[in-house]
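# Close look at the chain arrangement
Listed below, chain by chain, are the residues.
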Amino acid sequence: MYALVSDLYPICRSITGPGVRETLRRLQAHVPLEVHEVPTGTKVFDWEVPKEWRIRDAYISDTDGNRIVDFKQSNLHVVSGSVPISQTMPWSALKDHLHTLPDHPEWVPYRTCFHREDWGFCLRHDLFERLDAQGEQSYEVCIDATLADGSLTYGEFYLPGESRSEVLFSCHVCHPSLANDNLSGIAVATFLAKHLRQQPRRYSYRILFIPATIGAITWLSLNQAQTAHVEHGLVLALLGDSGHFTYKKSRRGDEAIDRIVEHVLRQSGSDHSILDFEPFGYDQRQFCSPGFDLPMGCLMRSANEQFPEYHTSADNLDLVRPRYLAESLDACVAITDVLEADRTYLNRNPYGEPRLGERGLYRAFGSVADGARAQRATLWVLNLSDGHNSLLDIAERSGLTFHEIRRAAHALIDHELLEECPDGNEHAQPRQSAGTRINQLEKL
Amino acid sequence: MYALVSDLYPICRSITGPGVRETLRRLQAHVPLEVHEVPTGTKVFDWEVPKEWRIRDAYISDTDGNRIVDFKQSNLHVVSGSVPISQTMPWSALKDHLHTLPDHPEWVPYRTCFHREDWGFCLRHDLFERLDAQGEQSYEVCIDATLADGSLTYGEFYLPGESRSEVLFSCHVCHPSLANDNLSGIAVATFLAKHLRQQPRRYSYRILFIPATIGAITWLSLNQAQTAHVEHGLVLALLGDSGHFTYKKSRRGDEAIDRIVEHVLRQSGSDHSILDFEPFGYDQRQFCSPGFDLPMGCLMRSANEQFPEYHTSADNLDLVRPRYLAESLDACVAITDVLEADRTYLNRNPYGEPRLGERGLYRAFGSVADGARAQRATLWVLNLSDGHNSLLDIAERSGLTFHEIRRAAHALIDHELLEECPDGNEHAQPRQSAGTRINQLEKL
Amino acid sequence: MYALVSDLYPICRSITGPGVRETLRRLQAHVPLEVHEVPTGTKVFDWEVPKEWRIRDAYISDTDGNRIVDFKQSNLHVVSGSVPISQTMPWSALKDHLHTLPDHPEWVPYRTCFHREDWGFCLRHDLFERLDAQGEQSYEVCIDATLADGSLTYGEFYLPGESRSEVLFSCHVCHPSLANDNLSGIAVATFLAKHLRQQPRRYSYRILFIPATIGAITWLSLNQAQTAHVEHGLVLALLGDSGHFTYKKSRRGDEAIDRIVEHVLRQSGSDHSILDFEPFGYDQRQFCSPGFDLPMGCLMRSANEQFPEYHTSADNLDLVRPRYLAESLDACVAITDVLEADRTYLNRNPYGEPRLGERGLYRAFGSVADGARAQRATLWVLNLSDGHNSLLDIAERSGLTFHEIRRAAHALIDHELLEECPDGNEHAQPRQSAGTRINQLEKL
């Protein structure tokens, strides 16, 4: 995954334009994702698809023609979405268009101006101070960019499973040379897709590679009916740094995905934070808007705005490490493992305990300590498999891992002591989305 | 309010009689409350309206005619409800009728004997000891009081609002020269009434100025049908001392009034205590009796029996301070503000976020920090306005103040992004009182 | 009770056979329990009643004929369930059949081998080491036992009450000379039965004296229909040692028995532990299997496996003390007192408070402090007796004891202020057992 991050790092992505296209093209070498183009001006709910921003060059040069700030050295130097400019101007006028980080004088900030007509440059604060000390000088300022009709580009990878019910993963693809924010999410999502392709699947899976906000709104607008099939989902972001896992819950806070992620992180034994839902941050704010209210959480390591390198040039290939990417992928795989395997079973011998010893069920597993845990798992599965408790319920109540509980369940199935519950995997009551209620109320 | 407390302080109030009448007459200078007279002997549930106690004079004098204990100096000196007496008696006989506070030798206690035929005097313990040291002397004891048919007097101020649903406030008016217990409650209730008169009102408001226990029982007995309209209520008492706020919850403990008072006190940032309901203390014990089970809490500063000056001469005009009265009134106003403004709205653009920036909704508010909170408030209101959450729900879940949430909601209404929920302000299920159940069971 | 424990201590009990029979015979001197014999081979759910194990003698002797390990000295010396053997064998072969406790060299462990064909001896570890030091010697090994068709024996004592609804107590009777595990439970159950016989009873009571596991399964199999009447129950075990009380909750964890035991233990003021249900330990694992899901907890002092003397010769007549047995019986009596007395009443004067003073209800009780608590109890009972709260509910909410609440209720009944609630003692919804659901699902 780190190689993929490195490969994508230099590309200048933005909300729209060639950077996103090139990124998606390279991902297609890993998974056959479909690339969609949505024309500028398409109405998507309260919004419309914006013009496409293309940038070729941008710099500030001194009167000798030396490039002092150069887009070609780092695409962070130009404020993303800047309107074109080509002008000579004095320091006093230029200054207002410059962005720096006084607390981190060697870092270049990442700034955008998509929603207003403006332009600007980002640079190191120490360079800014040097220029400022030189007083009123003249500079040539050039941003060779166009903002013109085109399209919004996103990638979508759909993996059908036994059921049309789907699990939705989403990551954003609109940030330029920032490694953790968003390349780590892209890499983990891509390799998760590669993994899932090779697995038998009860659920269908959909993985979106979309520009933040407008991309999510666009996808939702074009796929409104499809969202009814989403039973679980995760926004993936910031998955490559050394921070511990952070999980932000779904809007309702008690969805299956919330319980599953919490179980997986708790059983991992490592530090982690569970945060309540908030309607800001990544694209949960769109997927969990009240008209959709999708059961989606957000998995991160360090949370957005909570680490100093966030949205700066220090979010680079040093901040992201292969082992953290691997850990993040493992967590995602563990989560989908639970999603796939969690079912409700029925004890076929519910009156008293069955004779486990005679069936060799006490000797089925390795070491003594493991054997004691396996025996407890077996007794818990038998006791709680009354049609009301799924394997995850049993894991949570027993304090054992989902893996141990599932292994015990499979051994019991092999001995015909357990069977799948006829209606145990359907919700007693279909999940009513907040949107349904809004629709009902709108009809009044 | 302090001036009102000072004005009412000297009056000798009791459960019935001229003291209450004079008190209510003076309150009429502030709000046009109605004064009701309920004749002695009227049956009110398990009770009947008592005879009226009128006192003219009371004293203990020595053989030289010097008044040693004199009702005219402080109406606390005579046990409230004493039967008349005029007699010369030795110290040894008189002693049994004297009440003091050995732990506070300079304070005079407040005592009553309404429910038994008795008489007595209250005095400073140091004076008692001096008299006791003089040994067996003869004293003239006089209580010039009558207990005769008359009426029970209470005041009622009703402010109609858009809806017949009403908010009931109640304070007691039966204590003599005690400033915190009950004049502070009377003053806050009176000024709250003055404030509410000048406000537009969704709810109707009823404010009772009643003798404790028998007054509440009398009002309930005469207004049994009316209680069905009470949707929220508060007993007001002990609101003038320096103690922090104490809120005693309603009988059910999860009424709207409970949540609102807790929110207001929490958002005030100052120390406060939330106590569970108990069927003793002020008139909650009547309003929350199971046949009525009204959704009423009790707002106090120091709780009854929890401060040393309680029911003593030290509960005087020094114990009550203008700033604490003002704080208490502010809290009541904040509570009624939430009651009036709490509604459920619908996001009119529930699919994804609307374009807030284009509508200027990100720049609507003052400072930067305030702007960030306002933006969060806006996103919370949009996200949770699905017909299930009122503004108070949103304030509680977001951790923002009700005021911030309401301001955001109003800005969204102005931009046609929010509308009132057609059925959001009615309870899905009508509140079934405990009394209803009792009635049903009685019919079995 | 201690005398009964001492009397039963020497008997060599096992899952089946003469030890259990002799034990039950001696209990019949205390209560007229019925003794049931279930023939070997009877199918009981997934199991069948085993052959009967009878042991006459067992020893290891040296070549001089000296008995080194002798069943006649302690029945713990032979592994319970051993197959017969009579053989001379070298130390190296014998060794594998010996069990000791290296951490407690002076104690003899208790071991069983019912579910596999094996034999063995248990002995002190210091003796084992002495023999081991002597090197390869020859020993005569004799276990004079038979495993033959016979029956499984259990005792059952049924006490009819006003209602067929029953309370089920169960203790196990299959352990040999271990005083706490199981004689303490047998003694407490026996004396509880003696107590209950002399009480008026709303509930019927059933007390089982059964071999662990197979005994419980056998009883359940033969009495499946009867289990529908079990409304509350307790497994009794380990009730004679100095440890504080341990209560393991029922499978659902919120049954009436759970609340009652917790209330009684909390009100006792002494230390105690409340543990969540686990499907291991004593016969809760059978009674609470999902097909039955009986509302039964388990009352112990020290929990099984949690004290060093557990299943060793140190669980003897010194470990169990008369005062702890008495305390345990008291707790059981207190629990049945609450079970019998807990009812729901209706306040007959629910509108405001009734005049308690006039009825002498404020003076009904002894000391001042007691009087204040009694008065609070009276007000709580009146306030909450709306048909929704039982006396236990009121005790829990008020923080007063069940005894105080019941006494207040009885005084109010005497004054015709309270009456029994017509439907208050029936569950609004009949308790659906997990088994019912399983049956429904099986029919699909």
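Here, every reference points to the structure presented above.
Anyway, here's the lowdown on the structure attached to this text. Small disclaimer: the values here were computed from a predicted structure and weren't measured. (Residues numbered from 1 in each chain as written. Chains lettered and ligands numbered in written order. Predicted model: local features only at pLDDT ≥ 70, side-chain atom pairs only at ≥ 80, totals over all residues. Heavy atoms only, no water.)

### Some remarks on the relation of the copies chain C and chain B
- The operation relating chain C to chain B is a screw motion whose rotation component is 120°, with 0.0 Å of axial translation and a residual RMSD of 0.0 Å. Taken together, the rotation and translation relating the two chain copies correspond to the operation of a three-fold axis. (Least-squares fit on C-alpha atoms with pLDDT ≥ 70 in both.)

### So, the interface of chain B and chain A
- At the interface, 25 residues of chain B touch 24 residues of chain A.
- Around 2,400 Å² of area is buried between chain B and chain A when both sides are counted, 52% of it from carbon and sulfur atoms.
- Considering only the side of chain B, the residues that lose the most area to chain A are B:Y351, B:E353 and B:R355, jointly responsible for 31% of the buried surface there.
- Connecting chain B to chain A are three salt bridges. (Contact = heavy atoms within 4.5 Å. Buried area = accessible area lost by both parts, 1.4 Å probe. Salt bridge = Lys/Arg side-chain N within 4 Å of Asp/Glu carboxyl O.)

### Concerning the sheet that holds strand β19 (residues 418-420) of chain C
Residue and element names in this part refer to chain C.
- Strand order in the open sheet formed by three strands is β18-β17-β19, and the pairing between neighbours is antiparallel. This sheet does not close on itself; its edge strands, each paired only once, are β18 (386-390) and β19. Within the sheet, the average angular offset between the axes of one strand and its neighbour, ignoring direction, is 40°.
- Note: strand β17 (residues 344-347) against β19, three bridges, orientation antiparallel. Paired with Y345 across the strands is E420, a residue of β19.
- Against the sheet, helix α11 (residues 391-398) engages β17 and β18, with an angle of about 70° to β18. (Pairing = 2+ DSSP bridges. Helix = DSSP H or I, 4+ residues; strand = E, 2+ residues; numbered from the N terminus. Axes fitted to C-alpha atoms, helices over the stretch in contact; angles between N-to-C directions.)

### Notes on the packing of aromatic side chains
- Overall, the coordinates contain 31 aromatic pairs over all chains when judged by the stated rule.
- Feature note: the residues A:F45, A:F292 and B:Y351 constitute an aromatic cluster, connected by ring pairs.
- Sitting over the ring of B:F245, B:R301 keeps its end group 4.7 Å from the ring centre. (Phe/Tyr/Trp six-rings, centres within 6.5 Å; stacked < 30°, edge-to-face > 60°. Lys NZ or Arg CZ within 6 Å of the ring centre and 35° of its normal.)

### Focus on the interface of chain C and chain B
- Contacts between the two partners involve 25 residues from chain C, matched on the other side by 24 residues from chain B.
- In total, about 2,400 Å² of surface goes out of reach between chain C and chain B, with carbon and sulfur atoms giving 52% of it.
- Looking only at chain C, the three residues that lose the most surface to chain B are C:Y351, C:E353 and C:R355, adding up to 31% of its buried area.
- Put simply, chain C and chain B have three salt bridges between them.
- C:E353 is paired through a salt bridge with B:R285; the nearest N and O atoms lie 2.4 Å apart.
- Here chain C is connected to chain B by 12 residue pairs in polar contact (both at pLDDT 80 or more).
- Contributing elements (two or more residues each) for the side of chain C that touches chain B: β17, α10 (368-384) and β18 of chain C.
- The element best represented in the side of chain C that touches chain B is α10(C), accounting for six residues. (Polar contact = N/O pair within 3.5 Å; in protein donor to acceptor, adjacent residues only side chain to side chain.)

Purely geometric numbers; function is a separate question.
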